[in-house]
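Listed below are the residues making up each chain.
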Amino acid sequence: MVNVLRQRRIRGITNINEIYRRAMQLVNDELRSLLGRSTYYGLVLEAIARGKKRFNEIREYITLRLNKYVAPGEIERVLNNLMKMNIISRVSHGEYEIVDPIVRMKFSQV
């Protein structure tokens, strides 16, 4: 997914609150089906947005949130799918980041 605001332009809006609201609506629309597939997608994005950048940190965050064992393969599958969709990228030293700042903002506020 390319930057949502670049894909769909918001024209004629000068109120920053309205721009923010519309940007969040676009993100919600774009991610609705993805988030409906599995709880893990939203939790992985939330973990990364909240500073859990390494695989083990992400897995631990999700394990604590769900209060149950989460198989490493499940998290790896979700991370790989999110990278294929260009929602996240792997950066130096095995850390992950959310590509789009609006998506990052959305999941840091959950």
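Here, residues in each chain are numbered from 1, in the same order as that chain's written sequence. The model is predicted, so local features are restricted to residues of pLDDT at least 70 and side-chain atom pairs to those at 80 or more, both for listing and for counting; the totals for chains, interfaces and linings are taken over all residues. For the side-chain quantities, the full set of heavy atoms in the structure was used; hydrogens and water were omitted.

**Observations regarding the nonpolar core**
No. 1: Grouped together as the largest cluster of nonpolar side chains are 29 residues, with contacts concentrated most on Val44, Ile48, Ile58, Ile62, Leu79, Leu82 and Ile88.
No. 2: To qualify as a helix, a DSSP run of H or I must reach at least 4 residues; to qualify as a strand, a run of E must reach at least 2; elements of each kind are numbered from the N terminus. Of all the secondary-structure elements, those providing two or more residues to this core are α2 (16-37), α3 (39-49), α4 (55-66), α5 (72-84), β2 (95-98) and α6 (101-108).
No. 3: Among the elements that take part in this core, α3 stands out by supplying eight residues, more than any other.
No. 4: Contacts are assigned to residue pairs with any non-hydrogen atoms lying within 4.5 Å of each other. In contact with Ile48, other than residues within four places in its own chain, are Lys53, Ile58, Leu79, Ile88, Tyr96, Glu97 and Ile98. To define a nonpolar core, start from buried Ala, Val, Leu, Ile, Met, Phe, Trp, Tyr and Cys residues and group those joined through side-chain atoms within 4.5 Å. Here the term buried applies to any residue with accessible area under 20% of the maximum for its type, exposed to any over 50%, and partly exposed to those in between, with areas from a 1.4 Å probe on protein chains only.

**Overview of the pairing of strand β1 (residues 88-91)**
No. 1: Criterion used throughout: strands pair if DSSP finds at least two bridges between them. In this structure, β1 lies alongside β2, joined through four bridges in antiparallel fashion. Bridged to Ile88 within β2 is Ile98.

**Looking at the environment of Glu57**
No. 1: Mapped onto the elements, Glu57 comes out in helix α4.
No. 2: The exposure class assigned to Glu57 is partly exposed, which follows from its relative accessible area of 34%.
No. 3: Distance in space between the C-alpha atoms of Glu57 and Glu95 is 9.9 Å, their sequence separation being 38 residues.
No. 4: Once residues lying within four places of it in the same chain are set aside, the contact partners of Glu57 are Gly51 and Lys52.

**Focus: α6**
No. 1: Within α6, the full set of buried residues consists of Ile102, Val103, Lys106 and Phe107. Looking straight down α6, one finds its buried side chains confined to an arc of 130°; they lie on one side.
No. 2: Put simply, Asp100 is the residue that caps the front of α6, since its side-chain oxygen is 2.7 Å from the backbone nitrogen of Ile102. This arc is taken over the directions from the axis of the helix to the C-beta atoms. Think of a polar contact as two N or O atoms within 3.5 Å of one another; within protein, one of them needs to be a possible hydrogen donor and the other a possible acceptor, and neighboring residues in sequence only count if both atoms come from side chains.

**Brief notes about unusual backbone geometry**
Only a minority of non-glycine residues have a phi that is not negative, and only a minority of peptide bonds are not trans.
No. 1: A positive phi angle, close to 55°, is found at Asn67, a residue other than glycine.
No. 2: Turning to its location among the elements, Asn67 is positioned in the loop between α4 and α5.
No. 3: One non-glycine residue, Asn86, lies in positive phi territory at about 60°.
No. 4: Relative to the assigned elements, Asn86 resides in the loop between α5 and β1.

**A few points about the packing of α3 against α4**
No. 1: For the pair α3 and α4, interaxial distance at closest approach is 9 Å and the crossing angle is 120°. Between α3 and α4, the angle is such that the two are oblique. Helix-helix and strand crossings are classified by hand; for α3 and α4 the assignment is right-handed. On α4, the residues touching Thr39, Tyr40, Leu43, Val44, Glu46, Ala47 and Ile48 of α3 are Ile58, Tyr61, Ile62, Arg65 and Leu66.
No. 2: The residue classification treats Ala, Val, Leu, Ile, Met, Phe, Trp, Tyr, Cys and Pro as nonpolar and Asp, Glu, Lys and Arg as charged. All others, Gly included, are polar. The residue makeup of the contact of α3 with α4, split by class, is nine nonpolar, one polar and two charged. Where helices are involved, their axes are fitted lines through C-alpha atoms of the stretch in contact, as for all axes, and angles between N-to-C directions lie from 0 to 180°. Working rule for angles: under 35 degrees goes down as roughly parallel, over 145 as roughly antiparallel, 65 to 115 as roughly perpendicular, anything else as oblique. Crossings are assigned a handedness: left-handed for a near helix turned anticlockwise from the far helix by less than a right angle, right-handed for a clockwise turn.

Taken by themselves, the reported measurements are silent on function.
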